[in-house]
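So you can see what is in the structure, the chains are spelled out below.
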Amino acid sequence: MAYDRALISRILRQMEQQRQQHEAEAEERRYRLTHTIPRLGEIDRELRATSAKAMRIAFESNNTDSAIAALRDRNLALQDEKRHILLENGYPADYLAVACDCPACRDTGYVESGLCDCVRRRAAAEQKKDLSSLLPVDRETFDTFRLDYYSTQPDSRSGISPREMAKFNYQKCSSFAETFGASYENLLLYGAAGLGKTFLSSCIARRVTERGFSVTYDTAISIFDQYNNAKFKSGDFSAASQALARFRNADLLIVDDLGTELPGAFHTSCLYDLLSRRLMARLPTILSTNLLPGELEGRYSAAIASRILGEFTQLRFIGDDIRKIRKKQRF
Ligand SMILES: [Zn+2]
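As the structure is a prediction and not an experimental result, all values here were calculated from the model.

Reading the values: the criteria
Residue positions are given per chain, counted from 1 along the sequence in the order it is written. At least 70 in pLDDT is required for a residue's local features to be given in this predicted model, at least 80 for side-chain atom pairs to be given and counted, and no such filter applies to totals for whole chains, interfaces and linings, which use all residues. Only heavy atoms go into the side-chain values, all of them from the structure, while hydrogens and water stay out. UniProt positions are given in the numbering used here, feature names are shortened, and annotations may be inferred rather than shown by experiment. Helix and strand assignments follow DSSP, with helices taken as H or I runs no shorter than four residues and strands as E runs no shorter than two, numbered in order from the N terminus. Excluding water, the donors of a metal are its N, O and S neighbours within 2.8 Å, or within 3.2 Å for Na, K and Ca, and that exclusion means sites may look incomplete. Think of it this way: with four donors and all angles in the 85 to 135 degree range, the site is tetrahedral; with four or six donors, opposite ones beyond 155 degrees and the rest between 65 and 115, it is square planar or octahedral; otherwise it is irregular. Buried means the residue's accessible area, taken with a 1.4 Å probe over protein chains only, is under 20% of the maximum for its type, while exposed means over 50%, and partly exposed covers the values in between. Axes here mean lines fitted to C-alpha atoms, for a helix over just the part in contact, with angles spanning 0 to 180 degrees between N-to-C directions. Roughly parallel means an angle under 35 degrees; roughly antiparallel, over 145; roughly perpendicular, 65 to 115; everything else is oblique. Whether two residues are in contact is decided by their heavy atoms: any pair within 4.5 Å suffices. Side-chain classes are defined by residue name, with Ala, Val, Leu, Ile, Met, Phe, Trp, Tyr, Cys and Pro counting as nonpolar, Asp, Glu, Lys and Arg as charged, and the others, Gly among them, as polar. The crossing is said to be left-handed when, going from far helix to near helix, the turn is anticlockwise and less than a right angle, and right-handed when the turn is clockwise. Whenever Lys or Arg places a side-chain nitrogen within 4 Å of a carboxyl oxygen from Asp or Glu, that contact is recorded as a salt bridge. We call two strands paired when DSSP finds no fewer than two bridges between them. Among buried residues, the Ala, Val, Leu, Ile, Met, Phe, Trp, Tyr and Cys ones that are joined through side-chain atoms within 4.5 Å form a nonpolar core.

Colleague: What's the story with the UniProt feature "coiled-coil region" (unreviewed entry) in the protein chain in this structure? I'm lost.
Modeller: Per the UniProt record, the feature "coiled-coil region" (unreviewed entry) sits at residues 5–32. End C-alpha atoms of residues 5–32 are separated by 41 Å, and the span's content is 100% helix alongside 0% strand.

This is the structure we're talking about:
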């Protein structure tokens, strides 16, 4: 699972700050309490002394076991006494311990096998937040997809009804999201505007992000703009380079509205760069477009068309604009 390195280090920095604050707060509690209950200070001093003593014994003596055992008993008795004093005075038993959000890594972000799961969970949550601000469809998920917006009248050309087609597309997109990571596949969603392409690709984005993968979603126009800024060093150049790295390296890239940008050699070369890098690295991509597969070569190039037609599973969207149907139903 590839996480944005900048995101991971940001999270580790936040955890470090949090840890320092928790330590300072524990120290503050200890300081205050040992003033009112001096016995607590004595216990702390003796605990520190026993651990130093244990170290010395371990280094100097041959028969260490019994000495260490005696020290351990003394240690446990002191901690017990400390807990009792706290409880008697109306404090929780762990009142003087340093608080931590994740007991597994004690908020260090690392466990023996590497990054702690809590870091991954935070990264997934951050990515979900970032993604939500980009997605054009708000809150919709696979559960809210409505098949009844699609007609049951068979299409004159294919003999298949828009509803059957939509059901097939829905199942394909939902299994794509559920098996993402275990298999490798690219999708080409094509058909007229308003038939649910953006809806379904947003659902995929949300689900794949929830499952902990990095997902980047953007329109073709905006992706090409970032390429433009990065290449010609215009606009916010460093933001554009970061965006390009995301487009190229995200676990899943979704390009919406391909074909709505102005035609031109620069856009064709950007698309070629993006597709060939991602195909080479076997990183899945979803393209959503109003263009028909047969129009790709004329619009871009033979090389691009053959890559898309050869490496992408095609999902066709047919029917009447569901945004218009929805609007009609509202009145
Ligand atoms: Zn952790």
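Colleague: Looking at this structure, how should I read the coordination of the zinc ion?
Modeller: Each angle at a metal carrying four tetrahedral donors should ideally be 109.5 degrees, and each at a metal carrying six octahedral donors should ideally be 90 or 180 degrees. Each protein donor to the zinc ion is listed here as Cys102 (SG), Cys105 (SG), Cys116 (SG) and Cys118 (SG); together their distances run 2.2 to 2.3 Å. With four donor atoms in place around the zinc ion and angles of 108 to 111 degrees between them, the coordination shape is tetrahedral. Between consecutive donor residues of the zinc ion, the sequence gaps follow C-x2-C-x10-C-x1-C. A residue pair is termed long-range when its members are at least 10 positions apart, and cysteine 102 in the loop between helix H3 (65–88) and strand E1 (110–111) and cysteine 116 in the loop between strand E2 (114–115) and helix H4 (117–134) qualify at 14 residues. By the burial criterion, cysteine 102 is buried, and cysteine 116 matches it.

Colleague: How should I be thinking about the packing of helix H7 (residues 220–232) against helix H9 (residues 265–280) in this particular structure?
Modeller: Helix-helix packing is characterised by the crossing angle of the two axes and by the distance between the axes. Axis separation between H7 and H9 bottoms out at 10 Å; the angle between their running directions is 95 degrees. One way to sum up the angle between H7 and H9 is to call them roughly perpendicular. Judged by residue contacts, Ile223, Phe224, Tyr227, Asn228, Lys231 and Phe232 of H7 engage Phe266, His267, Cys270, Leu271, Asp273 and Leu274 from H9. Within the contact of H7 with H9, the residues separate by chemical class into eight nonpolar, two polar and two charged.

Colleague: Which parts of the structure should I look at to understand the packing of helix H1 (residues 5–36) against H4?
Modeller: In the contact formed by H1 and H4, the axes pass within 10 Å of each other and the chain directions differ by 115 degrees. The two elements H1 and H4 meet at a crossing, and its hand is right-handed. Side by side, H1 and H4 meet where Leu7, Ile8, Arg10, Ile11, Leu12 and Met15 of the first sit next to Cys118, Val119, Arg122, Ala123, Glu126 and Gln127 of the second.

Colleague: I would appreciate a short explanation of the side chain of arginine 316 in the present structure.
Modeller: Assignment of secondary structure puts arginine 316 in strand E7 (residues 312–317). Excluding residues that lie within four positions of it along the chain, arginine 316 makes contacts with Asp155, Arg157, Ser158, Met165, Asn169 and Tyr190.

Colleague: Which parts of the structure should I look at to understand the pattern of salt bridges?
Modeller: Once the charged atoms of two side chains with opposite charge are near each other, the side chains can pair. Applying the stated criterion to the full structure yields 19 salt bridges. Among the salt bridges present, the one from lysine 172 reaches glutamate 185, with a minimum N-O distance of 3.1 Å. A residue pair is termed long-range when its members are at least 10 positions apart, and lysine 172 in helix H5 (residues 162–178) and glutamate 185 in the loop between H5 and strand E3 (186–191) qualify at 13 residues. Take glutamate 185: its relative accessible area is 21%, and that puts it in the partly exposed class. When salt bridges that share partners are traced, they join Glu27, Arg30, Asp44 and Lys82 into one network.

Colleague: Just checking my understanding: could you explain the pairing of E3 for this structure?
Modeller: Regular strands place their side chains on alternate faces of the sheet. The buried fraction of E3 amounts to six of the six residues, a majority that puts the element mostly inside the structure. Covered by surrounding structure in E3 are Asn186, Leu188 and Tyr190 together with Leu187, Leu189 and Gly191, the residues of both alternating faces. When E3 meets E7, the two strands line up parallel, connected through six bridges. In the strand pairing of E7, tyrosine 190 is matched with arginine 316. Across four bridges, E3 lies against strand E6 (residues 285–289) in parallel orientation.

Colleague: I keep staring at the UniProt feature "domain: AAA+ ATPase" (unreviewed entry) in the protein chain and nothing clicks. Help me out?
Modeller: When the UniProt feature table is mapped onto this chain, "domain: AAA+ ATPase" (unreviewed entry) is found at residues 183–309. Helix makes up 54% of residues 183–309 and strand 18%, with an end-to-end C-alpha separation of 19 Å.

Colleague: What is the right way to read the nonpolar core from this model?
Modeller: For soluble globular proteins, the rule of thumb is that nonpolar side chains tend to be buried together. Counting 29 residues, the largest nonpolar core has Ile204, Val208, Leu252 and Ile286 as the members making the most contacts within it. Of all the secondary-structure elements, those providing two or more residues to this core are H5, E3, helix H6 (197–210), strand E4 (215–219), strand E5 (252–258) and E7. Counting residues per element, this core draws most heavily on H6, which supplies six residues. Excluding residues within four positions of it along the chain, valine 208 makes contact with Ala177, Phe180, Phe213, Val215 and Leu252. Counting residues in each nonpolar core, the second largest holds 27 residues, with Tyr190, Ala240, Ala243 and Leu253 among its members.

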